Amino acid sequence: GGPLAIGLGNESVTEVGLTTHFTYGMPVIPGSAVKGLCRRGALLLRNQDKISQEQFLAIFGDTQGASFFTFWDAWYDPASVNGKPFHRDVITVHHPDYYGNQGKNGWPTDFDDPNPVPFLVVKPGAKFLFAIEAPDEPWGRFVQELIRWSLRYLGAGGKTNAGYGWFDVQNAVVQTVSPSAGASSGVIVDHEIWMNVTVIFEAGRQELKATYEGKTASVTLPDSRRIMDSLPEAARNQLQDKKRRKIPADVEVKAVGGSRYTITRIIPKE
């Protein structure tokens with residue numbers, strides 16, 4: 001995505017702030033900002049009758065009851081953008097007198113003095129980990145999709161109308177953390193969703209396969225037949241077509257040991 005300007009109103013020596021983690025000094029998107037972004041997206045979807053009022057209240061709560069979800073701070077991935085997430089940007093007001101007086105004292109001309117204001121943003125290409133707590137897995141996946149939709153179509157932070165804060169979620173990995181994973185045992189990832197991959201069907205072995213960032217997931221009979229039968233007819237026909245045998249899709253996979261994954265669900269791309 002583009003650069004991220006989160007916390008522009010924070011106090012700073014350059015008059016324009018940036019939200020960073022108070023201990024690690026790395027960029028962070030506060031959980032309140034994530035929840036606010038999702039609420040804005042949910043309001044738009046509710047007005048389009050794509051989210052019900054009951055779903056809206058379950059996610060965000062109201063004066064009568066609390067939300068069933070916890071939105072955690074989104075942390076910067078230190079392995080992205082070579083571990084150097086900060087980027088110097090600048091805002092330049094070319095006609096300060098004209099804007100300050102609402103155009104009442106003359107016209108904006110080339111004789112005005114521009115006023116550049118430097119500030120820090122998060123570098124384009126930086127990755128973030130978004131985490132939520134949900135009452136169960138279906139609700140969790142529902143809100144995960146809401147976060148992805150809001151990041152892609154609304155953007156996070158300030159200056160979104162100027163292209164800031166828009167996220168590329170096409171290659172995102174959605175993970176479901178096992179509720180039984182205690183602090184002492186570490187995090188156990190049961191499921192992932194590989195976004196925007198190619199699913200291949202090998203008719204001889206009745207095997208479905210997908211590859212993502214060097215990892216391969218596959219499934220054979222009888223589960224491959226069950227998954228095939230659950231697909232829309234158009235996607236199923238395309239996989240069985242001798243000249244194609246592949247479709248673009250989001251794929252839910254499950255780790256089965258080591259670096260092996262099995263496909264549990266296929267969501268064809270429209």
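Note that the structure is a prediction, hence the values are computed from the model and not measured. (Residues numbered from 1 in each chain as written. Predicted model: local features only at pLDDT ≥ 70, side-chain atom pairs only at ≥ 80, totals over all residues. Heavy atoms only, no water.)

Trainee: Summarise the overall build of the protein chain; cite the residues concerned and give the values.
Mentor: Scanning the protein chain from N- to C-terminus turns up six helices and 13 strands. Considering the protein chain as a whole, with its 270 residues, one finds that 35% of them fall into the buried category. In the structure as shown, the protein chain presents an accessible area of about 16,200 Å², 51% of it carried by carbon and sulfur atoms. (Helix = DSSP H or I, 4+ residues; strand = E, 2+ residues; numbered from the N terminus. Buried < 20%, exposed > 50% of the residue type's maximum accessible area, 1.4 Å probe, protein only. Areas by Shrake-Rupley, 256 points an atom, 1.4 Å probe, with all protein chains shown as cover.)

Trainee: So what's going on with the confidence of the model for the protein chain? Which residues, and what values?
Mentor: In the predicted model, the protein chain carries a mean pLDDT of 84, and 89% of its residues have values of at least 70. Mean pLDDT values over the elements of the protein chain span from 64, in strand β8 (residues 173–177), up to 94, in strand β1 (residues 28–29). (pLDDT = per-residue confidence, 0-100.)

Trainee: Residue-level account of the side chain of Glu252, with values.
Mentor: Following the sequence through the fold, Glu252 ends up in strand β12 (residues 246–257). Here Thr264 takes part through its side chain, which lies 2.6 Å from a polar atom of the side chain of Glu252. Filtering out sequence-adjacent residues up to four positions away, Glu252 remains in contact with Arg141, His191, Glu192, Ile193, Thr262, Ile263, Thr264 and Arg265. (Polar contact = N/O pair within 3.5 Å; in protein donor to acceptor, adjacent residues only side chain to side chain. Contact = heavy atoms within 4.5 Å.)

Trainee: Go over the nonpolar core, please, and point to the residues and values.
Mentor: In this structure, Leu4, Ile29, Phe60, Phe71, Phe128, Leu146 and Phe167 are the most contacted members of the largest nonpolar core, which totals 29 residues. Put simply, the parts of the chain that give this core at least two residues each are α1 (31–47), α2 (53–60), β3 (74–76) and α4 (137–153). For this core, the leading source of residues is α1, giving five residues. One finds Met228, Leu239, Ile247 and Val253 within the second-largest nonpolar core, a separate group that totals 21 residues. (Core = buried A, V, L, I, M, F, W, Y, C linked by side-chain atoms within 4.5 Å.)

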